[in-house]
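Breakdown of the fold
Now for the letters of each chain:
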Amino acid sequence: MNDGKRKRYRIADAEIEIAFTENYTEIICRDYEVKADGKPDFVIEVTDEEVEREKKKSEPGASKGIIESLAIYRKLCEKILDRNCVLFHCSAVAVDGKAYLFTAASGTGKSTHTRMWRQHFGGRAVMVNDDKPILRIKDDGIYVCGTPWCGKHGLQTNVEVPVQGICILRRGEENMIRKISAIDGYPDLYKQTYRPGEKDKMLKTLSMIKQMAERLPLYEMHCTISEEAAVMAWERMKP
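Thresholds, definitions, all that
- Residues numbered from 1 in each chain as written.
- Predicted model: local features only at pLDDT ≥ 70, side-chain atom pairs only at ≥ 80, totals over all residues.
- Heavy atoms only, no water.
- Buried < 20%, exposed > 50% of the residue type's maximum accessible area, 1.4 Å probe, protein only.
- Helix = DSSP H or I, 4+ residues; strand = E, 2+ residues; numbered from the N terminus.
- Arc of directions from axis to C-beta.
- Contact = heavy atoms within 4.5 Å.
- Salt bridge = Lys/Arg side-chain N within 4 Å of Asp/Glu carboxyl O.
- Core = buried A, V, L, I, M, F, W, Y, C linked by side-chain atoms within 4.5 Å.
- Pairing = 2+ DSSP bridges.
- Axes fitted to C-alpha atoms, helices over the stretch in contact; angles between N-to-C directions.
- Phe/Tyr/Trp six-rings, centres within 6.5 Å; stacked < 30°, edge-to-face > 60°.

**Points about helix H5 (residues 182-192)**
Restricting attention to buried positions, one finds in H5 the residues Gly-185, Asp-188, Leu-189 and Gln-192. Mapping the buried residues of H5 onto a view down its axis gives an arc of 105°, with all of them on the same face. With respect to the buried face of H5, the exposed residues turned more than 90 degrees away are Ile-183 and Lys-191. Turning to H5, the residues buried within the fold contact strand E4 (85-87), strand E6 (98-103), strand E10 (160-171), strand E11 (176-180), helix H6 (199-215) and strand E12 (218-223).

Have a look at this one:
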């Protein structure tokens, strides 16, 4: 890749030097920028070939800047596995210092559901990330970390919050939520977790998905798009 800019960012408590040629990455990462001080935890550089591969996976018409930034994030997610961190596709909202993760197939309404949480709780609610947060697995719990990559609505906050639970959303005509077992929840967690191609990295990812399933309360919810559904989820999932 042609020479461009290099800047230092802190994401999921890792200090990362990122090289990029398009301004898009610099713009979306501005809340995470830190002053370079010593050696970074790792460096992210993408090749022209990696950007071209990402282009084939991206939506038609995506700009070169968006495509480059997604290639950067893909590489970051593979490197950050060594720090017990994994990308989990979900909409993550925090209330009173605890995070609630809502995951589902694209188009199910997870972003709309967390918008209802923000509408109901007002200033008590913080949008951690609306699409691509990183989960950080530590001895004292599992934490969700904001990232600059957050979906089309641009909703994210540079915070790290302990996860209270994960809810798998389903469309429904009535509101219903139930707690499920690690075995029942594992297939959905697997589908929504970024899975690298290399064998060693994949084994590490599978281990972290297993920890997510076993260490966190899991729920399945069938719901309407309503504030009542948000209140029901909160009442069931809160500490």
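**Description of the pattern of salt bridges**
Using the criterion set out here, one finds 23 salt bridges in the structure. Here Glu-15 ties to Arg-10 by a salt bridge, and the two come within 2.9 Å at their closest N and O atoms. Via salt bridges that share partners, Arg-6, Arg-8, Arg-10, Asp-13, Glu-15, Glu-17, Glu-45, Arg-136, Lys-138 and Glu-160 belong to a single interconnected network.

**Quick word on the nonpolar core**
Ranked by internal contacts, the top residues of the largest apolar core, which has 27 residues, are Ile-11, Ile-16, Ile-18, Leu-76, Ile-80, Ile-134 and Trp-149. The set of elements that each furnish at least two residues to this core consists of strand E1 (5-11), strand E2 (14-20), strand E3 (42-44), helix H3 (64-79) and E4. If you tally residues by element for this core, the top one is H3, at six residues. Beyond its immediate stretch of four places on either side in the chain, Ile-18 contacts Lys-5, Arg-6, Lys-7, Tyr-9, Thr-25, Ile-44, Ile-72 and Leu-76. Grouped together as the second largest cluster of nonpolar side chains are 25 residues, Leu-101, Val-163, Ile-180 and Met-212 included.

**Some words on the side chain of Thr-25**
By the secondary structure assignment, Thr-25 is in helix H1 (residues 23-28). Ignoring anything within four residues of it in the chain, the contact list for Thr-25 reads Ile-18, Phe-20, Gly-65, Glu-68, Ser-69 and Ile-72.

**Observations regarding the pairing of E1**
Bridge count for E1 against E2 is seven bridges, and the pairing is antiparallel. Following the sheet pairing, Ile-11 is matched in E2 by Ala-14. Where E1 folds back on E2, the antiparallel hairpin that results is connected by two residues, among which Ala-12 adopts a positive phi of roughly 55°.

**Notes on the sheet that holds E2**
The pairing of strands in a sheet comes from backbone hydrogen bonds and takes either a parallel or an antiparallel form. Pairing is mixed across the open sheet formed by three strands, whose spatial order is E1-E2-E3. The open sheet has two free edges, formed respectively by E1 and E3, since each of these has just one partner strand. Pairs of neighbouring strands in the sheet enclose a mean axial angle of 25°, with direction left out of account. Pairing of E2 with E3, which is carried by three bridges, proceeds in the parallel orientation.

**Structural notes on unusual backbone geometry**
A positive phi is found at Asp-13, a non-glycine position, where the angle reads about 65°. Looking at Asp-13, the relative accessible area reads 37%, which means it is partly exposed. Phi angles above zero are rare outside glycine, and Asn-84 is one such case at about 60°. Within the secondary structure layout, Asn-84 lies in the loop between H3 and E4. For Asn-84, a relative accessible area of 30% translates into the label partly exposed.

**Some details on the packing of aromatic side chains**
Summed over all chains, the structure comprises eight aromatic pairs. Relative to Trp-117, the ring of Tyr-100 lies with its centre 5.0 Å away and its plane at 40°, an arrangement referred to as tilted. Of this pair, Tyr-100 sits in strand E6 while Trp-117 sits in helix H4 (residues 110-121); the two residues are 17 residues apart in sequence, bridging distant segments of the chain. Pair check on accessibility: Tyr-100 and Trp-117 agree, each one buried.

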